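Read off the chains here:
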Amino acid sequence: MEDNDASARTKAEEGAAPSTGGARGPEAPAANTAGITGEAAKPSEPLRIRAMGKLEDLLEIGGTRRDVAFLAISAAALALSLFAPDALPFDPAWIAIVLCGAPIVLGAVIGLVTEFDIKADVLVSLALVASVAIGEDFAAGEVALIMQLGALLEELTVAKARAGIERLVRLSPRTARIVRPNGTEEVVAAEDVRAGDVVRVLPGETIAVDGTVVSGSTSIDESAMTGEPLPVDKTVGDEVRSGTVNRFGAFDMRSERVGEDSSLARMIELVRSADAGKAKIVRLADRWATWIVVIALAAAAGTWLVTGEAIRAVTILVVFCPCALVLATPTAIMAAIGNVTRFGALVREGDALERLAKARKAAFDKTGTLTHGRPEVVAVVPCASGHGRHEGCCGAHDEAAAPLDEAALLDYAAAAESMSEHPLGKAIVRGWKSAREAEAGRAKGPADAVDAVAPGARTSPADGAARALPRSDDFAMIPGRGVAATVAGRRVLAGNLEMMLEHGVAGALHLESAAAEHLEEGRTVVHVAVDGRAAGLVALADTIRPSARETVRAVRALGVEPVLLTGDRPQAARRIAEEAGISDVEAGCLPEDKLRAIERFEDGGTPVCMVGDGINDAPALKRATVGIAMGGAGSDIAVDAADIALVRDDIAALPHLIAVSQRMMTTIKLNMTFSMALNFAAIALAMAGILDPVAGALVHNAGSVLVISNSALLLRWKRKGTPMPNRRVDDPLASPAAEPTQEPQPRTA
């Protein structure tokens, strides 16, 4: 195989799998939380601050379990209030008011007293008090339940994000094996490794620090850093990074960057800082809250002073009770979330769809996002096919050394790779099986009905079967080069060009031009030699998802410009971008490069939607205006860093997701415009004495019903041309587990 610098992406679980002798990293240091909660107030703090602090501590007792229990009890109480209001001596809605409404009112009081912070909580508190004052207990309990449910979802989302960072920290190795000058080995804590130390890394271990290989050869899984799937071969003089996994051979390395300067430590810090740097969207209700409260109170007080009639002032507060305004956003968001869930998108952040509607650029990862993320055989090139039957290509052409056809060449390659654990070897065997099944289908017989035969040999048509994989013996894997095996009595080599030259394979250089054509298209090439003569090559490539091109076209039609950010080499990136219809490409990106690209776009005033699936995408997913992760094949860390997960592992849902978010914002603006217009009209009528409190309550409820009904239309909305999902096949809750992703890259560094 030819050299290139791209590397591999595997599942996060593989990268974090435990192994012996220092494969796992040290535990993350516990956060210093002393003084955040439960700390005694300083004597210099005002009494009101100390009192509010104790009240806030009181509200935190019980945590999430208490919130879930209160929500369940409140929902049952509201159902009882609706269908059997006389079941208790009092209206059951009061249970919801106390359990869900009281924390909202107390939170609003704390914000007003400590920071004079007027947000939607103040509006909701006014709504609760006004609703109770006019006897609308059920309406008060309903609003309290909805607002507390939204707060709980937000709290759980924050906890998930912290869990994602903890998973990333657990990738850090705990120990390292230092080789002392006298040749002895000593296992030490990873943080005790110093620059210049010689560290020995065994197969299966995670590399503890950055450095350079000084002896040995191996293949390194660099998926945590680059997102690309295949192990990259390393030998003396090559650089290796912390957090990557040694897959096959043992080697010694000289440490260069340790501790906080290592690659993995820097990426963990990137994820943390990206989350802190993301711009937070203020809800529209919060943005307008101060003005609405001021207007409502001023109108009520002014009317009372001018007319001297307290009933008119009470009516103004009743009709200005902002239930419709408060419900305008959450009802639309909940309906939109229900809509996109049917298309396999799970929204993890309450305001994610609001942010998605603002996105004007979609940054796509390549491997596992635009592509299937695993290599497939795309071409089998026998020696004779590209160069004619001449001695220079494959050696002397006596009967025993006759050039092989495509079928026989694939037989030899697959047989030699049959015991290989390398993703390229598995891809060749998988390609051989596909060819065999196709041949069996043409013969209209069972594919497994044959015993092993010589490579390329066919059974008779009467057998109705395809050929079987030849037996291989004396298998040997050569790190950084390829594999060797004896197949049907002939010695077969399958690997890169360096392997062919080192073994003195005749005619190896004559296939260089054919290999170059595939390399120019971003493919990976496996050279095959039989009995010391070049037999041909097998080309492999990651294949684009069938829905990718149409998805990119539809996203662009919605006013969102696509860009490709990938850690792969430029040739492969350009090939996939051309097939997908993307003109803006940035290749060879490390996690910090993707993060800088997102920051560059957003600093220029362009909100970005990042779509990715790997650990290396986590910082960019966190930093982008909205992050979307592939939920099945994607790593848990990427999903935790994202705001939205595509459960079905298909970006075909992305255009619908964007379209629904844009439609949702239109619905929210219509809801808020209607509710505000209704409130101001009702205020005018109340000031004129036309509306009394009872009529005002009817207007208030009518506005809430109309807002909820308008939001409910989002549940079944879809953009033109979007097929409705088939839940029997594509139900996101029944989505099958995806295969581990792979992508073509050579065995060389």
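Residues numbered from 1 in each chain as written. Predicted model: local features only at pLDDT ≥ 70, side-chain atom pairs only at ≥ 80, totals over all residues. Heavy atoms only, no water.

1. Quick look at the overall build of the protein chain
- Within the protein chain one finds 27 helices and 22 strands.
- Here the protein chain, with 749 residues, has 52% of them falling under the buried criterion.
- A total accessible area of about 31,800 Å² is found for the protein chain, and carbon and sulfur atoms account for 58% of it. (Helix = DSSP H or I, 4+ residues; strand = E, 2+ residues; numbered from the N terminus. Buried < 20%, exposed > 50% of the residue type's maximum accessible area, 1.4 Å probe, protein only. Areas by Shrake-Rupley, 256 points an atom, 1.4 Å probe, with all protein chains shown as cover.)

2. Regarding the sheet that holds strand β6 (residues 232-234)
- Strand order in this open sheet of three strands is β6-β5-β8, and the pairing throughout is antiparallel. With partners counted over all chains shown, the strands left at the sheet margins are β6 and β8 (245-246), one partner each.
- Where strand β5 (residues 218-221) lies against β6, three bridges are found, and the strand directions are antiparallel. Across the sheet, the residue bridging to S219 is D233, located in β6. (Pairing = 2+ DSSP bridges.)

3. Digging into the sheet that holds strand β14 (residues 482-487)
- An order of β12-β17-β16-β15-β14-β13 is seen for the six strands of this open sheet, with the pairing classed as antiparallel. Looking at which strands have only one partner, the edges of the open sheet turn out to be β12 (371-382) and β13 (472-478). Pairwise comparison of adjacent strand axes, ignoring direction, gives a mean angle of 20° for this sheet.
- For β13 and β14, the ladder comprises five bridges, and the chain directions are antiparallel. Bridge assignment links I478 to a residue of β14, and that residue is G482.
- With respect to the sheet, helix α21 (residues 570-580) is in contact with β12 and β17 (533-544), its orientation differing from that of β17 by roughly 50°. (Axes fitted to C-alpha atoms, helices over the stretch in contact; angles between N-to-C directions. Contact = heavy atoms within 4.5 Å.)

4. As for unusual backbone geometry
- We note that A488 has phi near 50°; this positive angle belongs to a residue other than glycine.
- Here A488 is to be found in the loop between β14 and β15 (490-495).
- Its relative accessible area of 47% is what places A488 among the partly exposed residues.
- For D531, which is not a glycine, the phi torsion comes out positive at approximately 50°.
- Within the secondary structure layout, D531 lies in the loop between β16 (524-530) and β17.

5. Notes on the packing of aromatic side chains
- Inspection of the entire model under this criterion finds zero aromatic pairs.
- Directly above the ring of F601 sits K361, whose terminal nitrogen or CZ lies 4.9 Å from the centroid.
- In this structure, R600 packs its charged tip against the face of F601, placed 5.1 Å from the ring centre. (Phe/Tyr/Trp six-rings, centres within 6.5 Å; stacked < 30°, edge-to-face > 60°. Lys NZ or Arg CZ within 6 Å of the ring centre and 35° of its normal.)

6. Quick look at the UniProt feature "transmembrane region" (unreviewed entry) in the protein chain
- Look at the UniProt record and you will see "transmembrane region" (unreviewed entry) annotated at residues 68-88, 94-113, 288-307, 313-338, 670-691 and 697-717.
- Split by type, residues 94-113 is 100% helix and 0% strand. Its first and last C-alpha atoms lie 26 Å apart.
- When the span residues 670-691 is considered, its composition is 82% helix and 0% strand, and the gap between its end C-alpha atoms is 25 Å. (UniProt positions renumbered as here; feature names shortened; annotations may be inferred.)

7. With respect to the environment of V530
- With respect to the helices and strands, V530 occurs in strand β16.
- Ignoring anything within four residues of it in the chain, the contact list for V530 reads L404, Y412, R490, R491, V492 and A535.

8. Remarks on the pairing of strand β3 (residues 198-201)
- Looking at chain direction, strand β1 (residues 175-179) and β3 are connected through three bridges and run antiparallel. Across the sheet, the residue bridging to R177 is R200, located in β3.

9. Description of helix α25 (residues 654-687)
- Between its terminal C-alpha atoms α25 stretches 49 Å, which fits the 50 Å expected from 34 residues at 1.5 Å a residue.
- Of the residues trailing α25, G689 is marked for its positive phi of about 85°. (Expected span 1.5 Å × (residues − 1).)

10. What to know about the pairing of β5
- Of the two faces of β5, both are covered, the one formed by T218 and I220 as well as the one formed by S219 and D221.
- Where β5 and β8 come together, two bridges link them in antiparallel fashion. Opposite D221, over in β8, you have V245 as the bridge partner.

11. Some words on the nonpolar core
- In terms of nonpolar packing, the biggest core is built from 48 residues, with L356, F364, L370, I628, I644, L657 and M664 touching the most fellow members.
- Mapped onto the domain boundaries, this core takes at least three residues apiece from domain 3 (280-336 + 661-716) and domain 4 (347-372 + 543-657).
- Those residues in contact with L657, other than ones at most four positions away along the chain, are V340, A345, L353, L356, I628, I644 and L646.
- Listed in part, the 25 residues of the second largest apolar core include L404, A408, Y412 and A535. (Core = buried A, V, L, I, M, F, W, Y, C linked by side-chain atoms within 4.5 Å. Domains from an automatic or database assignment.)

12. Side note on the pattern of salt bridges
- All told, the structure shown has 26 salt bridges when counted by the stated rule.
- Between R471 and D473 there is a salt bridge, with its nearest N and O atoms 3.3 Å apart.
- Relative accessible area serves as the criterion here: at 61%, R471 is assigned to the exposed category.
- Judged by relative accessible area, which is 31%, D473 ranks as partly exposed. (Salt bridge = Lys/Arg side-chain N within 4 Å of Asp/Glu carboxyl O.)

13. Some remarks on the confidence of the model for the protein chain
- For the protein chain, per-residue confidence averages 74 on the pLDDT scale, and residues scoring 70 or more make up 68% of the total.
- In this model residues 445-453 is a low-confidence stretch, pLDDT under 50, and it forms 19 contacts with partners more than four residues away in sequence or in other chains.
- Note on residues 727-749: pLDDT is under 50 here. Beyond four places in sequence and across chains, it has 96 contacts. (pLDDT = per-residue confidence, 0-100.)

14. Observations regarding helix α22 (residues 591-603)
- An ideal rise of 1.5 Å per residue puts 18 Å on 13 residues; α22 measures up with 18 Å between its terminal C-alpha atoms.
- Where α22 is concerned, the buried positions are P591, E592, K594, L595, A597, I598, F601 and E602.
- Once α22 ends, the next one or two residues include G605, with phi positive near 90°.

15. Regarding a nonpolar patch on the surface
- On the surface, L80, L88, F90, W94 and V98 cluster together into a nonpolar patch covering about 410 Å² of accessible area.
- Structurally, F90 is set in the loop between α3 (63-83) and α4 (93-115).
- The class for F90 is partly exposed, based on a relative accessible area of 42%. (Patch = residues over 30% accessible without salt bridge, like charges linked within 9 Å, V, L, I, M, F, W, Y side chains within 5 Å.)

16. Here we look at the packing of helix α20 (residues 548-557) against α25
- Axis separation between α20 and α25 bottoms out at 8 Å; the angle between their running directions is 20°. Our classification of the angle between α20 and α25 gives roughly parallel. α25 is crossed by α20, and the crossing has left-handed handedness. On α25, the residues that touch T551, A554 and V555 of α20 are L654, P655 and I658.
- A class-by-class count of the residues in the contact of α20 with α25 yields five nonpolar, one polar and no charged. (Parallel < 35°, antiparallel > 145°, perpendicular 65-115°, else oblique. Left-handed = near helix turned anticlockwise from the far one by under 90°. Nonpolar A, V, L, I, M, F, W, Y, C, P; charged D, E, K, R; others polar.)

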